[in-house]
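Remarks on the overall topology
So you can see what is in the structure, the chains are spelled out below.
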Amino acid sequence: MNMTPIQCTINGQAREFQVDPRTSLLELLRSQGLTSVKQACAVGECGACTVLIDGTPIDTCIYLAVWANGKTIRSAEGEVRDGVISSVQQAYVDTGAVQCGFCTPGLVMTTTALVEKYRGQQLCRDTIRRELAGNLCRCTGYEKVIDAVLASVDNKPGCNGQGGCGRCEDE
Amino acid sequence: MSLGSSSNRVDAQAKVTGKARYTDDFTMLGMRFAKYVRSPIAHGKVKRIDISKAQTYPGVDAVFTYDDVPEFIFPTAGHAHSLDPNKLDVADRYLLTDHVRHQGDAVAIVVACNQLTAERAVELVEVDYEELPVMTTADQALAEGAYPLHPGGNVLKQQAIATGDLEQAFAESDFVLEGAYHTPIHQHCHMETVVSYAYMEKDDHIIIVSSTQIPHIVRRVVGISLGIPWSHVRVIKPYLGGGFGCKQDVLEEPMCAFLTMKLGGIPVKIELTREECFTASRTRHSFDIKGKIGVSRDGVIKAYALDVKSNTGGYASHGHSIAAAAANKIPYIYPRLVFGYKALTFYSNLPNAGAMRGYGAPQATFALESLVEEAAQKLGMDPVDFRLKNVAQLGDFNPVNKKEIKSCGITECLTRGREMFEWDKRRAACVEHKGPIRRGVGVACFSYGSNTYPACVEVSGARLVMNQDGTVNLQVSATEIGQGSDTVFAQMAADVLCIPDTWVRTISTQDTDISPFDPGAFASRQSYTVGPAILEAATLLKEKIVAHAALMSGQPARNLSIRDGKVVYGSRPDYVLYEMREVSMDAYYNQDQGQPFFAESSHKTRTNPPSFGCTFVEVEVDMPLCKVTIKDILNLHDSGRILNPQLAEGQVHGGMGMAIGGALFEEMLIDAKTGIVLNDNLLDYKFPTILDLPDLHCSFVETHEPQSAFGNKSLGEPPIISPGPALRNAIWMAAGVRIDELPITPKRLYEHLARAGLI
Amino acid sequence: MYDIEHYYKAHSVSDAVQRLSENPDARLIAGGTDVLVQLHHMSKKYRDLVDIHGLPELGGITQLDDGTIRIGSGSTFTQIIESPLVRQHIPSLALAVSNIAGPQIRNVATIGGNICNGANCADSAPISIVLGARMEIATLDGVRFTPLESFYTGPGKVALAHDEIAVAFHFNQADYLDIGASFYKYAMRGAMDISTINCAAACRLDEGRFTMLRLAYGVAAPTPIRAKAAEAAALGKPLNHETLGAIRDAVVQDVAPRTSWRASKEFRMQIIRTLAERVVAEAARNAGGTLA
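Every value quoted in this text rests on a predicted model; they were computed, and no experiment measured them.

1. A look at the nonpolar core
- Grouped together as the largest cluster of nonpolar side chains are 407 residues, with contacts concentrated most on Val110(B), Ile208(B), Ala493(B) and Val280(C).
- If we skip the residues at most four places from it in the chain, Val280(C) touches Ala201(C), Cys203(C), Leu213(C), Leu215(C), Ala234(C), Leu244(C) and Ile247(C).

And the structure:
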């Protein structure tokens, strides 16, 4: 099949590829060594392959690589700056939200988008649940994942993250 | 002290950045990909197979059928080997077969340059089947004249236990209650699918990289399946994305090894799709259980008996031991009675069932704790009070194996749970909800073992090597599969060595050519069985360090000690003689004395204490919508000493989540007539999303198990056992219907509510 | 690697229409969340693709001069949920589509795909039907309009010729002004699931009486449907439990749920009846009504 040229930014680096249009973005990113992009269902049911495209979480397993043309892509590898993991990644480490780790990079990226979207706002556990509903995890029961998200945002005094305080955006 | 504190996971940093490499993250020059030709029907014989079109398809290296595979029949269950021929796992598989026993059974395999080419070539293989009768139930498989799925017939295993005179015990009971219970087929749904690859560097050495819980067992079984010495096989296990028992089975490793052998050693990878994981890896055994319980008027259980039929599907896998294992694990919880247990495990045309978290105990406990609830209701007793009267006490004996219970926190689990959960208040309040939205509370208990002894040999090894800088590498063959064992092992070693746990690097990759022998991750065994090996090796290493420091300083070794990674005087721990790196450097490089520090140990465990716990849960039932919502849930555990509270909580949360899924959402739906799996994907197999689980609460009743190296007992599997029956009991209270089959999905709840005329 | 034989990136809607007209095997791909799943299963129906992903012509959510809200068919569900225009004028649509799948899918999947693939469980359909949505369709001969309600012609079938492309959905002011609307997705999980039944209602009340009610379901029949008998049971009646009961009883005439391995028709009927009452009650509350 005719190769299609694309240009995109991956974790801050401008990149150019000749892409076979049959390739998924998951395959393209993994071929570049981005092992954080995990395949677990291949049909958009689990979120393990989540990256941010222009700041938005998407499942790369059902996203054609050619669609990445002109886009800015962020994966878990790129969240490490000068050897220091991001505050979201650190929160996952500190709260014990990591177990087998296979869903973790996807969750980290969805959380990163969530934290950026709700910056300066209050976050309830309910909101967190809705925003992370596309990431399946079989190890944690999600309990410490929610703890990790809460630890990633600076919830203002008065919000316990439990809901019911009346100050959260969606209550 | 590191043990007992919530040290961060040693692998967390690697996992949050995506740097941790799992099997599929490795690739090799020239790697090929294999795809199976699988049966679309659940039972049949191949009449004709034509691989010619696939063989000549561009990009295809080879196609093999059942005619091409070795004639060695092999077992797949992940148990340690036994010298007793009667205890060997059941061998009933070849690499490929012309007698397909379940949908997805494999008749041929294509090796090609990439996945897509292999997939296309698979579609070019022509297969005609003679359809044979499909048996999905016990009645069909055990009927007179039923088609035998294996040479020995369709009964895989039978057993019967009675620890006393059951009939007499029931006769002496004031009330005898009976029930029939059904548990569904679950699938593990580890996020990383089943994946392996193999290659060869020498003719007598096959290297297999695999997502497995049991590298040393894989090595042995690959040897058996190919008829080659076990030592010719080397199994490497990198990071692993969840197993939950599915990968306590030998899965694709023998086929990868066979293919690379046939193709001159080039690397060949097999990665099952999610759909294949459902139909052609392993599932949880569905149990049908008839139960009977006898109680006295004053609330004492006199006897109970369970009669289990366990459906193992097309092959044995762990089928011969799972129903039996439950009989070892559950009797601890109510030990002062006559225990009866019968089990029959049969073959059928369902996908192959194998090990899954809990190994028979969740199924049996569902029946037991439903029966116990019936009895409490019959007696008009509070369900917690009733259980408190009957649960194990220190000094009780397991009625089956007569082992003494030497640590026991179940009474405190129940009393603390009752208080934390505000059981009495909530239970009283539930009665007030009489409209379409009702409330109920439920409780259930469990017991479990801490390893497989004496069913299997329990052996673990540990090797410690001190680096020049004073840090220590720790090697074990107990596998990190997500549960956090690498971290706890580092904590154990650090504690014994009196060094910071960050100085211990647990080598996470197992390599059977290098790592000390240990069968792997299963039976919630690792902290219990590896603990003594680490304790011994670290004690030995510490002695060597102190001895060398004595040599360096001219002080007698008895005067020296290690504190916080420094060599100090035993009587003056604040006085530092040497930093650890000084001692280690001297040991490595002093021209005249000493040697680098290393120590290793292998330990056989011959004790197997029970862990205990219980679940409290409150549900809301929306009767017209047939929907159950968990309002609150609390698990309490006696797992002995808690070695890392944060990791322990993580195990409990994960187990509770999986249990809730299993009780309210998950079942593999299989057409009863055709044996075809209807929901072989993560959309239709409803394992809970983050929106489907409530906040999960847990609490530990810490006991100290005297037989344990560090006071700990099992924890990995136990959290999955009691939430199911607790939910069933709560739903009974709320909705007024006794539902004795799981999962209690809205459609099942609808059937019961409609039958009872409640909607 | 997907098993695609031919791939064509369309430059415009008319380019795509042209391409479709020339090739009877060609299929559109927009968000890809259905088509690529089909391809994962080696479906041979989608091996010839015309890619309209991200075509600017199909995007955009705007308000026309007459107050109509026009939603480009290529709009993702997230764009719909976050659109200030949608939130202001047809918030029930935002609510409904926020129940679809999970965030990652909603960030890519389009309303056009959800409607045009003909699935009777499409969560955007019942709400769009009760909001009186009309579809703007590009053809070789120009643009035509059709009400969404008559778009579904049979199981998996829609009134869209092979060489036509749904371009936009129009929500007229007359249909959304002063209404109360509501939506409920009944599924086995809180996310990442297919509706067992979905239900939408829109109504107007005058002095506590229903002056208009539209009630629609997905999965209650071979296609998404209006429940006209149930609607009739409400017209002119006061908002009270009796009326809601009458709606619940009447809806049985409107629907024809079937038994599949996912759920039995009896169970679906129980949910249909319960939702008739609850979703209409919620819509009436949103219309300012108070349930006596």
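Right, picking up where we left off after that structure.
2. What to know about the environment of Asp518(B)
Residues and elements named next belong to chain B.
- By the element assignment, Asp-518 lies in the loop between strand E22 (510-511) and helix H15 (526-553).
- Its 28 C-beta neighbours within 10 Å are what place Asp-518 among the buried residues.
- In the structure, Asp-518 is positioned 513 residues away from Ser-5 in sequence and 26 Å away in space, judged by C-alpha atoms.
- Beyond its immediate chain neighbours, meaning those up to four positions away, Asp-518 contacts His-216, Val-459, Ser-460, Gly-461, Val-476, Ser-477, Ala-478 and Val-530.

3. Considering the interface of chain B and chain A
- Tallying the contact residues gives 45 residues for chain B and 41 residues for chain A.
- Where the side of chain B that touches chain A is concerned, the elements lending two or more residues are helix H1 (12-16) and helix H17 (645-665) of chain B.
- Examining the composition of the side of chain B that touches chain A, we find that eight residues originate from one element, H17(B), more than from any other.
- Residues that form the side of chain B that touches chain A fall into these classes: 18 nonpolar, 18 polar and nine charged.

4. Considering the domain arrangement of chain A
All names here are of chain A.
- With domains assigned, chain A is organised as domain 1 (4-78) and domain 2 (87-152).
- Contact with domain 1, which involves 16 residues of that partner, is made by 13 residues of domain 2.
- Looking at the side of domain 1 that touches domain 2, the elements with two or more residues in it are strand E3 (50-53) and strand E4 (56-59).
- Per element, the largest residue contribution to the side of domain 1 that touches domain 2 is three residues, and it comes from E3.

5. Looking at the domain arrangement of chain B
Residue and element names in this part refer to chain B.
- Split by domain assignment, chain B resolves into domain 1 (13-132 + 194-271), domain 2 (283-453 + 607-755) and domain 3 (459-604).
- On a C-alpha basis, the centroid separation for the pair domain 2 and domain 3 is 39 Å.
- With 22 residues of domain 2 at the contact, the number on the domain 3 side is 16 residues.
- Element by element, the count of residues in the side of domain 2 that touches domain 3 is highest for H17, at three residues.
- Across the side of domain 2 that touches domain 3, the residue classes break down as nine nonpolar, 11 polar and two charged.

6. Describing helix H3 (residues 104-117) of chain A
Residues and elements named next belong to chain A.
- Between the first and last C-alpha of H3 there are 20 Å, a value that for 14 residues agrees with the 20 Å anticipated at 1.5 Å per step.
- Burial of H3 is extensive: 11 of the 14 residues sit out of reach of the surface.
- Those residues of H3 that sit buried are Thr-104, Pro-105, Gly-106, Leu-107, Val-108, Met-109, Thr-110, Thr-111, Thr-112, Ala-113 and Leu-114.

7. So, the sheet that holds strand E9 (residues 195-202) of chain B
Residue and element names in this part refer to chain B.
- Read from one edge of the open sheet, eight strands run E3-E5-E1-E12-E9-E10-E11-E22, paired in mixed fashion. At either margin of the open sheet sits one strand with a lone partner, and together these are strand E3 (60-65) and E22.
- Here E9 pairs with strand E10 (residues 205-210) via six bridges, running antiparallel. The residue bridging Ser-196 from the neighbouring strand is Ser-210, located in E10.
- Contacting E10, strand E11 (233-237) and E22, helix H6 (residues 215-226) runs over the sheet at an angle of about 150° to E11.

8. Concerning the interface of chain B and chain C
- Each partner contributes residues to the interface: chain B has 23 residues there, and chain C has 16 residues.
- With five residues, the single largest contributor to the side of chain B that touches chain C is helix H3 (residues 115-124) of chain B.
- Per-class residue counts for the side of chain B that touches chain C are 13 nonpolar, four polar and six charged.

9. Description of unusual backbone geometry
Residues and elements named next belong to chain B.
- Omega for the bond connecting Tyr-453 with Pro-454 falls within 30 degrees of zero, at 5°, which places this linkage in the cis form.
- Of note, Pro-454 is situated in the loop between strand E18 (437-448) and strand E19 (459-466).
- For the peptide bond that leads from Leu-742 to Pro-743, omega is -5°, which places it in the cis range.
- Tracing the sequence through the fold places Pro-743 in the loop between helix H18 (723-735) and helix H19 (746-755).
- With a phi angle near 55°, Cys-189 is a residue other than glycine that sits in the positive phi range.
- Of note, Cys-189 is situated in the loop between strand E8 (175-182) and E9.
- Here the phi dihedral of Glu-422 falls at roughly 55°; this positive angle occurs in a residue that is not glycine.
- Locating Glu-422 in the fold gives a position in the loop between helix H12 (410-420) and helix H13 (423-430).
- We classify Glu-422 as partly exposed; it has 15 C-beta atoms within 10 Å.

10. A few points about the pairing of strand E24 (residues 566-569) of chain B
Residues and elements named next belong to chain B.
- Pairing geometry for strand E23 (residues 560-563) and E24, over four bridges, is antiparallel. Bridge pairing in E24 links Leu-560 to Tyr-569.
- Pairing between E24 and strand E25 (residues 576-579): three bridges, direction antiparallel. The partner of Val-568 across the bridge, within E25, is Val-576.
- Here E24 folds back onto E25 in antiparallel fashion, the turn holding six residues.

11. Things to note about the environment of Ser73(C)
Residues and elements named next belong to chain C.
- Its place among the elements puts Ser-73 in the loop between strand E5 (69-72) and helix H3 (77-82).
- Residues Ser-73 and Phe-169, spaced 96 residues apart in sequence, show a C-alpha to C-alpha distance of 6.6 Å.
- In this structure, Ser-73 is in contact with Leu-58, Thr-110, Ile-111, Gly-112, Ala-166, Val-167, Ala-168 and Phe-169, ignoring residues within four places of it in sequence.

What counts as what
- Residues numbered from 1 in each chain as written.
- Chains lettered and ligands numbered in written order.
- Predicted model: local features only at pLDDT ≥ 70, side-chain atom pairs only at ≥ 80, totals over all residues.
- Core = buried A, V, L, I, M, F, W, Y, C linked by C-beta atoms within 7 Å.
- Buried ≥ 20, exposed ≤ 12 C-beta atoms within 10 Å, placed from the backbone.
- Contact = placed C-beta atoms within 7 Å.
- Helix = DSSP H or I, 4+ residues; strand = E, 2+ residues; numbered from the N terminus.
- Nonpolar A, V, L, I, M, F, W, Y, C, P; charged D, E, K, R; others polar.
- Domains from an automatic or database assignment.
- Expected span 1.5 Å × (residues − 1).
- Pairing = 2+ DSSP bridges.
- Axes fitted to C-alpha atoms, helices over the stretch in contact; angles between N-to-C directions.

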